[in-house]
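# An overview of the molecular structure
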There are 4 protein chains.
Amino acid sequence: MLNKRGFASDNNSGVHPAVLDAIAEVNHGHAIAYGGDKYTMLAAEKIKYLFGWDVDVYFVFTGTGANVLGLDAVTNSFHSIICAETAHIQQDECGAPEKFTGAKLLPVSTPDGKLTSDLITKHLYGFGFEHHSQPKVISISQATEMGTIYTPAEIKALATHAHSYKMYLHVDGARLFNASASLNIGLKEMITDTGVDVLSFGGTKNGMMYGEAVVFFSKELSENFKYRRKQGMQLASKMRFIAAQFNAMLTNELWLKNASHANKMAQLLATEVSKIPKIKITQKVQINAVFAIIPSDVIPQLQKEYFFYEWDKHTSEVRWMTSWDTTQEDIIGFVDLLREKLS
Amino acid sequence: MLNKRGFASDNNSGVHPAVLDAIAEVNHGHAIAYGGDKYTMLAAEKIKYLFGWDVDVYFVFTGTGANVLGLDAVTNSFHSIICAETAHIQQDECGAPEKFTGAKLLPVSTPDGKLTSDLITKHLYGFGFEHHSQPKVISISQATEMGTIYTPAEIKALATHAHSYKMYLHVDGARLFNASASLNIGLKEMITDTGVDVLSFGGTKNGMMYGEAVVFFSKELSENFKYRRKQGMQLASKMRFIAAQFNAMLTNELWLKNASHANKMAQLLATEVSKIPKIKITQKVQINAVFAIIPSDVIPQLQKEYFFYEWDKHTSEVRWMTSWDTTQEDIIGFVDLLREKLS
Amino acid sequence: MLNKRGFASDNNSGVHPAVLDAIAEVNHGHAIAYGGDKYTMLAAEKIKYLFGWDVDVYFVFTGTGANVLGLDAVTNSFHSIICAETAHIQQDECGAPEKFTGAKLLPVSTPDGKLTSDLITKHLYGFGFEHHSQPKVISISQATEMGTIYTPAEIKALATHAHSYKMYLHVDGARLFNASASLNIGLKEMITDTGVDVLSFGGTKNGMMYGEAVVFFSKELSENFKYRRKQGMQLASKMRFIAAQFNAMLTNELWLKNASHANKMAQLLATEVSKIPKIKITQKVQINAVFAIIPSDVIPQLQKEYFFYEWDKHTSEVRWMTSWDTTQEDIIGFVDLLREKLS
Amino acid sequence: MLNKRGFASDNNSGVHPAVLDAIAEVNHGHAIAYGGDKYTMLAAEKIKYLFGWDVDVYFVFTGTGANVLGLDAVTNSFHSIICAETAHIQQDECGAPEKFTGAKLLPVSTPDGKLTSDLITKHLYGFGFEHHSQPKVISISQATEMGTIYTPAEIKALATHAHSYKMYLHVDGARLFNASASLNIGLKEMITDTGVDVLSFGGTKNGMMYGEAVVFFSKELSENFKYRRKQGMQLASKMRFIAAQFNAMLTNELWLKNASHANKMAQLLATEVSKIPKIKITQKVQINAVFAIIPSDVIPQLQKEYFFYEWDKHTSEVRWMTSWDTTQEDIIGFVDLLREKLS
């Protein structure tokens, strides 16, 4: 069988047909390169609408690009960025934030991938002391890399905390759509109204081919961003094709359908595996991820048929990601296999 | 009329239908993210075949990304990189090479965008002197930003010169396909056999949507490139879609058809405009670019109907780029308009 | 009274008279700038002798400079550096290591400022995984910022551990002289023979005016260091004056006298204050530092007469540093004042 | 004879006795480290007085440090810095400006080391164009590396030109004292009143041991400089010893005596050698440097007795630097030798 769906990552999934259609649709004639085209303008407008208009939007290629350049826009190299120890910027970007911004990352240990004002306090010192990297940004992931989500009230508390120290709140929203679907709350309510300063707005994991956006909630912060994006190697020449994908995603709430579906599949998976005695779900299942501890010997057997990643080899904790294209049959098939191997 | 074709840039053109088809074709089921899929393996194999097998291939998003990361792989921050003053890395990457590599760029004034050993000599000093950035790379563009090309003998001379100083030869091949078509010579003969060390291998300008490759001609140079690519924010998650495009481009010599056609259209344009007395072609027309000095007052009139860029406002020199999708009618229509405005 | 001695920092002390004399002694006529002089050669020879000859020595201005450039020599930007959370490179260099090397620092929580193989284990993963900064250096401070020291066996264990992962062991030796005096062991036994790869060798805190050295224990690592030093803005033009200071320090074991004296004064202080009931010494007193928790209300009263720093405002822990010029009278005077204020 | 004086560099000279005395004088007791001491305050006040009070002063170690950090304060990484091709920042800092600021340097060919508004024009384009490094700084050296100087009117013209483009004027003043002595004009008139934005204020070459200052002529530009200095590894712990040197230099116009003397010795040398037929002086002799073309075969013979550097091996141009400690006898002795070797 070709290209069997597994539970490794929402990055392993392909592109939603409507997104592909939208790409084909803009593929005629010439359009001004580097974002000077009408499709890019339209996509930016749609995103502005979602977030309450008074924002600035820049398209980039990848989530890492969005995170790094967004952070670059709100820091100097003598600043520090506080994040969860599990954050993508700390674990999975091969040091791109440090390399590009020159700033220091300050990881915080957290059981569920979420930061709180209390957890952060240990790093909030040394302001004005020239020997110490100056704390400037709190960076959170919504949803987190552990599949958990912040309530708007929690985001607001962090934003308020950050602002009280003249710091910024950055959100890595690689799975923002999933969080929004799960919370059943609009992006404006979740992000703009809670005081977020800069956002990585992810599309790829929710059914796009490539393309993310950096969204700024203050004109001051985005002032020179076009230069940062170019110097950061994230300016697409044929940008209409990123724009077309966002346009498709934001038409007829495709984003919500995709994200809700992926979330629902994770719920189904969680429900089913929680019936199996030898399996212990380790994190709240709030988006399209299920973390679980399972007997280590069955892991390679399962992986042969449905690929997924072992999260922690010491505890035999695994991560199962569902996707916009996961089917009920995939879940049932996998759970059946799991039951069989464990019996 | 929607999306009228002009002569602004080969980046303004869209995607060749066969490339789009290839994308759709790989869009089923799951594939390992970040290049662990079979399509990526196949595209890399095809490129290896083209260059004589003994090369390493890494896909990235953009030409700037390819240039910067390729240069990063062969430099330390205390090195310098010699290039033409007109080079893309000097003029059009917003300082990305300096920012990312930390190295110094040493521009060389050149009438046609081409470097020679003689022109470079002025920068070849200070070896071993710790106060001076150590010359380490000669970087050329094939074809150049002025639409000119190097013969294989010229490339070989530069490679030999570079190697005699323990330096490397880097080639920005954003329009390598056009150069190859124009020279009627294979990529292996032009690049591998002449002693090039690292190459930016462009796809976007020749009919792809996005995606370039960095090609290394020695294993030693590519040793840690996967980390550089990730840290450089150029690692695509759904990489199969870049690979599919290269696969299409390298099937049935689509690359050659596209490049030859674009080149031919430039020749037609050059032939026609050279019949008009008030126009002076300023560079050899060797690929898909025509540089010409025209009366400055007609420029805005022409741009209303066919967009293109003024290259030098002081001399009213313009650049006309043709593309894989330029038609004979486009050329005739434009030349007619030009004649009309000038009469 | 002018310039009263306190317990704030060994950086607050002045220059030993013999060091000043040595400076005056080399101050005649011209000497080749940037280290091409005989005094620099002599100082380097003396240091080589101390470490067993087979090392490379480079003089720089500051401890931060020594740390950052030493780390730069053994890392690429995609690497990570594991250090104690209390390390100078993590807390007190305003992000210079990240800015200059581009690498990621991975702090480890530790009660006494010391790392162990066990403590480090949590960061030793992701080797070969391109998304993850590659662990490359373990960096320790000898003595630590908490005034504690590693035994040679402990250093050797860490070096062996590092090497087993193809990693390097870096030592921040800003107070290496104090550690050596305390352990009563030679620098060769403590550093060279235990497998250290690169060392910041401090002079300023032990009675010099300015100047530190970076010592490499393998020629391979120092290969391009002269360029790194210049690009790192740490190359002194009139280098003979740094060299003269090291020469003085390494003549008649001045380094040992100074360091032993400072250590002894800390012992005296610790002995005396431990007799006072309301004071709790919090770290082993192994070099010239005493950490203690004292009633918070007396801190400002004491600081009026003998300046020192509060280390942790939450616990009212203070740090008292003695110096090469601290006298027994200073200690007695301070302890008397302390007793008076507490009674 | 020990340490014979030559004409290699003013960096080869030692320290003026009054400077050494001043160092000894502040060497008693403890002083707050990192510049919190009264000597540093005094030195800063003296410099402020010289420049008309409304400036900010920060001490650093080296001229390269002063240049790089001063430039860092007025640029973002997406900016460019225009300088003479002979500038120290372009030729002699091993790429430190690029590495630390991330910005692009744009060298300008100039016969005498001086820039003019006309010469700069070629680089003033691409403003607002995101592909192009944004021109932000004009950097000049006063005096230049070719021994020439700008009149205040010339500096003012460049400052006005820079400001008309919202750019800054940076001055590398490693030999500012010599320029001031030569022009017989105060530092305020030469620098503050002409509109300079940031200055590297050199001390080492004029009789100090080490130490330079960065002077800002607007509070806005220096806002975060203390962090940049620390992160740039240029913060001295025992800063009183840099301050003491500047205090000595600015007492009883020692700076003027030293600089005038060095300049006078260069005049004497120029006068004498211009009497010798086979020697051609190639640059105006305005400070303490003489550039001359001499028969190449005598160069090594002369160097055996008086060391100096060959500036251009192709033309056998040499550079002779005089210093604060050069004597009339040195000049006569050298000229006699020169005459003898040439006869």
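In case you missed it, the structure is sitting above this.
In this text the structure is predicted, and so the values were computed from the model without any measurement.

Right, let's talk about the overall build of chain A for a bit. Scanning chain A from terminus to terminus reveals 14 helices and 11 strands. A compact globule built from 343 residues would reach a C-alpha radius of gyration of about 20 Å, and chain A, at 20 Å, matches this within 12%. In terms of its C-alpha atoms, chain A occupies a principal-axis envelope of roughly 60 × 55 × 35 Å. By residue count, 67% of the 343 residues in chain A fall in the buried class.

On to the relation of the copies chain D and chain B, then. It takes a turn of 180° to lay chain D on chain B, together with a shift of 0.0 Å along the axis; the resulting RMSD is 0.1 Å. Such values leave the two copies arranged in the relation of a two-fold axis. Most of the interface of chain D is mirrored in chain B: 100% of its interface residues are interface residues there too.

Take unusual backbone geometry next. Note that the residue after Gln142(C), namely Ala143(C), is joined by a cis bond; omega there is -5°. With respect to the helices, strands and loops of the structure, Ala143(C) is situated in the loop between strand 4 (134-141) and helix 7 (152-164). One non-glycine residue, Met233(A), adopts positive backbone phi at about 60°. As for its position among the elements, Met233(A) is in the loop between helix 10 (225-231) and helix 11 (240-249). Overall, the relative accessible area of 1% leaves Met233(A) in the buried class.

Another point: the relation of the copies chain A and chain B. When chain A is fitted to chain B, the best match, at an RMSD of 0.0 Å, comes from turning it 180° and sliding it 0.0 Å along the axis. An overlap of 98% is found between the interface residues of chain A and their copies at the interface of chain B, pointing to a shared contact surface.

Formed by 178 residues in total, the largest nonpolar core has its most connected members in Phe51(A), Phe201(A), Phe51(B) and Phe201(B). By size, the runner-up hydrophobic cluster in this structure holds 177 residues, among which are Val15(C), Leu115(C), Ile191(D) and Met239(D).

We now examine a nonpolar patch on the surface. A cluster of nonpolar side chains, Ile32(A), Phe307(B) and Tyr309(B), forms an exposed patch at the surface whose accessible area comes to about 250 Å². Its location among the elements puts Phe307(B) in the loop between helix 13 (299-305) and strand 10 (309-312).

Residues and elements named next belong to chain A. Across the eight residues that make up helix 8 (residues 176-183), a large majority, six, are buried. Inspection of helix 8 places Leu 176, Phe 177, Asn 178, Ala 179, Ser 180 and Ala 181 among the buried residues, and these make up the whole buried set. In this fold, the buried residues of helix 8 make contact with helix 2 (38-51), strand 5 (168-173), helix 9 (187-192), strand 6 (198-202), helix 11 and helix 12 (254-273). Following helix 8 by one or two positions, Asn 184 has its phi on the positive side, about 55°.

To continue, consider the interface of chain A and chain B. Accessible area lost upon the coming together of the parts serves often as the stated size of an interface. At the interface, 58 residues of chain A touch 58 residues of chain B. For the pair chain A and chain B, the summed buried surface comes to about 4900 Å²; carbon and sulfur atoms form 56% of the total. It is His30(A), Met233(A) and Lys238(A) that lose the most area in chain A upon contact with chain B, and together they represent 19% of the buried surface on that side. If you look at where chain A meets chain B, you find zero salt bridges. Joining chain A to chain B, the criterion identifies 40 residue pairs in polar contact (both at pLDDT 80 or more). Contributing elements (two or more residues each) for the side of chain A that touches chain B: helix 1 (17-25), helix 2, helix 3 (63-73), helix 5 (96-101), helix 10 and helix 11 of chain A. Of all the elements, helix 3 of chain A adds the most residues to the side of chain A that touches chain B, at four residues. Residues belonging to the side of chain A that touches chain B are distributed by class as follows: 23 nonpolar, 23 polar and 12 charged.

Let us now look at the interface of chain D and chain B. Contacts between chain D and chain B engage 26 residues on the former and 26 residues on the latter. Summing the contributions of chain D and of chain B, the shared interface buries around 1900 Å²; its carbon and sulfur component is 41%. Looking only at chain D, the three residues that lose the most surface to chain B are Gln91(D), Cys94(D) and Lys104(D), adding up to 28% of its buried area. Scanning the region where chain D abuts chain B turns up four salt bridges. In this structure, Glu98(B) and Lys104(D) form a salt bridge, with 2.7 Å as the shortest nitrogen-oxygen distance. On the surface where chain D and chain B come into contact, there are 18 residue pairs in polar contact (both at pLDDT 80 or more). With four residues, strand 3 (residues 104-108) of chain D is the single largest residue contributor to the side of chain D that touches chain B. Each residue belonging to the side of chain D that touches chain B can be placed in one class, and the counts come to nine nonpolar, nine polar and eight charged.

Calculation rules
Residues numbered from 1 in each chain as written. Chains lettered and ligands numbered in written order. Predicted model: local features only at pLDDT ≥ 70, side-chain atom pairs only at ≥ 80, totals over all residues. Heavy atoms only, no water. Helix = DSSP H or I, 4+ residues; strand = E, 2+ residues; numbered from the N terminus. Rg over C-alpha atoms; globule rule 2.2 N^0.38 Å. Buried < 20%, exposed > 50% of the residue type's maximum accessible area, 1.4 Å probe, protein only. Least-squares fit on C-alpha atoms with pLDDT ≥ 70 in both. Contact = heavy atoms within 4.5 Å. Core = buried A, V, L, I, M, F, W, Y, C linked by side-chain atoms within 4.5 Å. Patch = residues over 30% accessible without salt bridge, like charges linked within 9 Å, V, L, I, M, F, W, Y side chains within 5 Å. Areas by Shrake-Rupley, 256 points an atom, 1.4 Å probe, with all protein chains shown as cover. Salt bridge = Lys/Arg side-chain N within 4 Å of Asp/Glu carboxyl O. Buried area = accessible area lost by both parts, 1.4 Å probe. Polar contact = N/O pair within 3.5 Å; in protein donor to acceptor, adjacent residues only side chain to side chain. Nonpolar A, V, L, I, M, F, W, Y, C, P; charged D, E, K, R; others polar.

These values are about where atoms sit, not about what they do.
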